[in-house]
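# Fold and contact review
One letter stands for each residue in the lines below.
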Amino acid sequence: MLFRSKSKRGLKPHQVKCAIRKNDQVVVIAGKDRGKVGKVLQVFPRRQRAVVEGVNIVKRHMRPTPYSEGGIIEKPAPIHISNLMVMCPKCMKGVRIGRKVLEDGTKVRVCKKCGEIIEAKE
Ligand SMILES: [Zn+2]
């Protein structure tokens, strides 16, 4: 889990398939935050990791700077995408994602359970 995937090494970011996109609602399926639901704030496709709001919070001890007061700052750290599942708005739970090409040629992600199209907001 902590190791980077060997097969993905050396690939350019756009070559790495990643079902999770920024602004997705995701469910954490493993680790200490299991069961939590949050919004994806950032994705690192090459590292197969994503930052999710309120998940994997780490405490950073910051020195006061002219820009911040310092002290202990809590912020979300990247979590491996294998610990995450995209939330289907219809099933209301984490689901596996399939891909579909619409008639006009646009590729969309669909819920494998109900077939609902899952769009990344924005
Ligand atoms: Zn669904």
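Everything discussed here concerns the structure shown above.
Residues numbered from 1 in each chain as written. Predicted model: local features only at pLDDT ≥ 70, side-chain atom pairs only at ≥ 80, totals over all residues.

### Section: the environment of Val26
Convention followed: Strands are runs of DSSP state E lasting at least two residues, helices are runs of H or I lasting at least four, and both sets are numbered from the N terminus onward. Contact between two residues is assigned whenever their backbone-derived C-beta positions fall within 7 Å.
Here Val26 lies in strand β1 (residues 25-28). On a C-alpha basis, the gap between Val26 and Ile81 in space is 9.9 Å, while along the polypeptide they are 55 residues apart. Setting aside residues no more than four positions away along its own chain, Val26 makes contact with Ile20, Gly38, Val40, Val52, Leu84, Met85, Val86 and Met87.

### As for the pairing of strand β3 (residues 49-52)
What counts is decided by this rule: Between any two strands, pairing holds if DSSP finds at least two bridges.
Sheet topology places strand β2 (residues 37-44) next to β3; four bridges connect them, and they run antiparallel. Paired with Phe44 across the two strands is Arg49, which belongs to β3. Taken together, β2 and the strand that follows it, β3, pair antiparallel across an intervening segment of four residues, in which Gln48 is found at a positive phi of about 60°. Judged from the two bridges that link them, β3 and strand β6 (residues 79-80) form a sheet pairing that is antiparallel. From the neighbouring strand, Ala50 faces β6, where its bridge partner is Ile79.

### Considering unusual backbone geometry
Leave glycine aside and you will find that most residues have negative phi; peptide bonds, for their part, are mostly trans. At Asn23, a position not held by glycine, the phi torsion is positive, near 75°. In this structure, Asn23 sits in the segment before β1.

### A look at the sheet that holds strand β8 (residues 93-95)
Across the sheet, which stays open at both edges, the six strands sit in the order β6-β3-β2-β1-β7-β8 with antiparallel pairing between neighbours. Each of the sheet's edge strands pairs with one partner strand only, and the pair in question is β6 and β8. Sheet topology places β1 next to strand β7 (residues 84-88); three bridges connect them, and they run antiparallel. Bridging across to β7, Val28 finds its partner in Leu84.

### Describing the sheet that holds strand β10 (residues 107-111)
Read across the sheet, three strands follow the order β9-β10-β11 without closing on themselves; strand pairing throughout is antiparallel. Lying at the two open borders of the sheet, with one neighbouring strand each, are β9 (97-101) and β11 (117-118). In this sheet, β11 lies alongside β10 in antiparallel orientation, the contact comprising two bridges. In the sheet register, Val110 faces β11, and the bridge partner there is Ile117.

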